[in-house]
Amino acid sequence: MSLIDTSNIPATKPRRFKVAIPRPKGPVGNPGSTAGQMCGLGPMARVTTSYGEYHAQTLREGDRILTKSGEFIPIKSINRVTFDGDYLAYHPKVQPILIRAGALAQNVPTTDVLLAPYQRIHASQALARQALATAVDALGGPHVCRKPETMITYTVLGFDRDAVIRCEGLWLDVESSKLAA
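Participant: When you look at the overall build of the chain in this model, what are you seeing that I'm missing?
Facilitator: For the chain, the helix and strand inventory stands at one helix and 13 strands. When each of the 181 residues of the chain is scored for burial, the buried share is 39%. Put simply, of all contacts in the chain between residues at least 6 apart along the chain, 58% involve residues at least 24 apart. If you sum the accessible surface of the chain, you get close to 11200 Å²; carbon and sulfur atoms cover 54% of it.

So, in structure tokens, the structure goes:
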């Protein structure tokens, strides 16, 4: 014998579940997207400031950064761009480039550094007598590889003019046109 009388309860409609649309197998999005040309520093890359070396993820607007000319210039804007695992799975060219300590010259960089693939490297840095334009150009060299990540946040620094900044003993070009909006 049931304690609840269910004879008076109206029948409910069966539940309808949304069916997920299968994900495409290859890259999606705008093939001309600028995300594939991503510039920036990995979160733990240390940048030389007027207070010492600080991780890119801790920098703020107004912090003064050492330039190759020896002066310290303030950061005008910072843009942090995060890519999740789904995006990285479909856009592997956005995966960071790992440059191991000493890969470009003795103590250059001073420690392992993660850079966005199209972060410009200053012309004074060379890999086996070959000048590098971007971090991705160093691929194939000794101790340089693409590091697969499940999520990555790049820090893009903006200055009022083009600058050459020091990151882990490596000189990097930062264009003023990369200012965050």
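Participant: Which parts of the structure should I look at to understand the pattern of salt bridges?
Facilitator: Between side chains of opposite charge, pairing is possible as soon as their charged atoms come close. One pass over the structure, following the stated rule, counts seven salt bridges. Arginine 100 serves as the salt-bridge partner of aspartate 112, at 2.8 Å between the closest nitrogen and oxygen. Of this pair, aspartate 112 sits in the loop between β6 (97–99) and β7 (113–115) while arginine 100 sits in the loop between β6 and β7, and the two are twelve residues apart along the sequence. Within the structure, one salt-bridge network assembled from shared partners comprises Arg46, Glu53 and Glu168.

Participant: So what exactly am I meant to see when it comes to the environment of methionine 44 here?
Facilitator: Mapped onto the fold, methionine 44 is located in the segment before β1 (46–49). Relative accessible area serves as the criterion here: at 49%, methionine 44 is assigned to the partly exposed category. When the C-alpha positions of methionine 44 and glutamine 57 are compared, they lie 6.7 Å apart, and in sequence the two are 13 residues distant. When near neighbours in sequence (up to four residues on either side) are disregarded, methionine 44 contacts His55, Gln57 and Glu168.

The rules behind the values
Residues numbered from 1 in each chain as written. Predicted model: local features only at pLDDT ≥ 70, side-chain atom pairs only at ≥ 80, totals over all residues. Heavy atoms only, no water. Helix = DSSP H or I, 4+ residues; strand = E, 2+ residues; numbered from the N terminus. Buried < 20%, exposed > 50% of the residue type's maximum accessible area, 1.4 Å probe, protein only. Contact = heavy atoms within 4.5 Å. Areas by Shrake-Rupley, 256 points an atom, 1.4 Å probe, with all protein chains shown as cover. Salt bridge = Lys/Arg side-chain N within 4 Å of Asp/Glu carboxyl O.

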